[in-house]
Amino acid sequence: KMTDWEGGIRVNALVSGGAVPMAKRGSKLSDYIHMADWYATFCALAGVDVKDERAAKAGLPPVDGVDHSALLLGQGAAGWG
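Since this is a predicted model, take the numbers as computed values, not measurements.

The rules behind the values
- Residues numbered from 1 in each chain as written.
- Predicted model: local features only at pLDDT ≥ 70, side-chain atom pairs only at ≥ 80, totals over all residues.
- Heavy atoms only, no water.
- Helix = DSSP H or I, 4+ residues; strand = E, 2+ residues; numbered from the N terminus.
- Buried < 20%, exposed > 50% of the residue type's maximum accessible area, 1.4 Å probe, protein only.
- Contact = heavy atoms within 4.5 Å.
- Areas by Shrake-Rupley, 256 points an atom, 1.4 Å probe, with all protein chains shown as cover.
- Salt bridge = Lys/Arg side-chain N within 4 Å of Asp/Glu carboxyl O.
- pLDDT = per-residue confidence, 0-100.

**Let's talk about the overall build of the protein**
Here comes step 1: Check the secondary structure of the protein and you find three helices and zero strands.
Here comes step 2: Counting across all 81 residues of the protein, residues that qualify as buried make up 16%.
Here comes step 3: Of the contacts formed within the protein by residues at least 6 apart in sequence, a portion of 66% connects residues at least 24 apart.
Here comes step 4: Summing over all exposed atoms, the protein offers an accessible surface of approximately 6700 Å²; the carbon and sulfur share of this is 57%.

In structure tokens:
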């Protein structure tokens, strides 16, 4: 890769807080989560619908993201993220 536009870049991420299950605290996740997926994931964790009715009425496209909350909570299969 010679530029950031050739498949993206990888960076570290950290998830912390009381919502992290005890079994997952201090663990390392080797899967990848794209930056566009964090919004959908946080919406799922908060119990909020990812769909934006106001944006939809304005003709904007839906949120482009995949919910990875199961992976973060230890309920998703490894390699899915």
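**Quick look at helix H1 (residues 37–46)**
Here comes step 1: Listing the buried residues of H1 in full gives Asp37, Trp38, Ala40, Thr41 and Cys43.
Here comes step 2: On its buried side, H1 packs onto helix H3 (69–72).
Here comes step 3: Positive backbone phi, at 75°, marks Gly47, one or two positions downstream of H1.

**Observations concerning the environment of Arg25**
Here comes step 1: If you trace the backbone, Arg25 turns up in the segment before H1.
Here comes step 2: Sequence separation between Arg25 and Leu73 is 48 residues, and the spatial gap between their C-alpha atoms is 9.8 Å.
Here comes step 3: Apart from the residues within four sequence positions on either side, Arg25 is in contact with Gly17, Gly18 and Val20.

**Observations concerning the environment of Gly76**
Here comes step 1: In this structure, Gly76 sits in the segment after H3.
Here comes step 2: For Gly76, a relative accessible area of 31% puts it in the partly exposed group.
Here comes step 3: In this structure Gly76 touches Ala70 and Leu71, once residues within four positions along its chain are discounted.

**Overview of the pattern of salt bridges**
Here comes step 1: Applying the stated criterion to the full structure yields one salt bridge.
Here comes step 2: A salt bridge links Lys51 to Glu53; the nearest nitrogen and oxygen atoms lie 4.0 Å apart.

**Points about the environment of Ser16**
Here comes step 1: Here Ser16 shows up in the segment before H1.
Here comes step 2: The spacing of Ser16 and Gly26 is 10 residues in sequence and 9.4 Å in space, taken between C-alpha atoms.

**Re the confidence of the model for the protein**
Here comes step 1: Here the protein averages 83 in pLDDT, and 85% of its residues register 70 or above.
Here comes step 2: Across the protein, the element-wise mean pLDDT spans from 87 in H3 up to 94 in helix H2 (residues 53–57).

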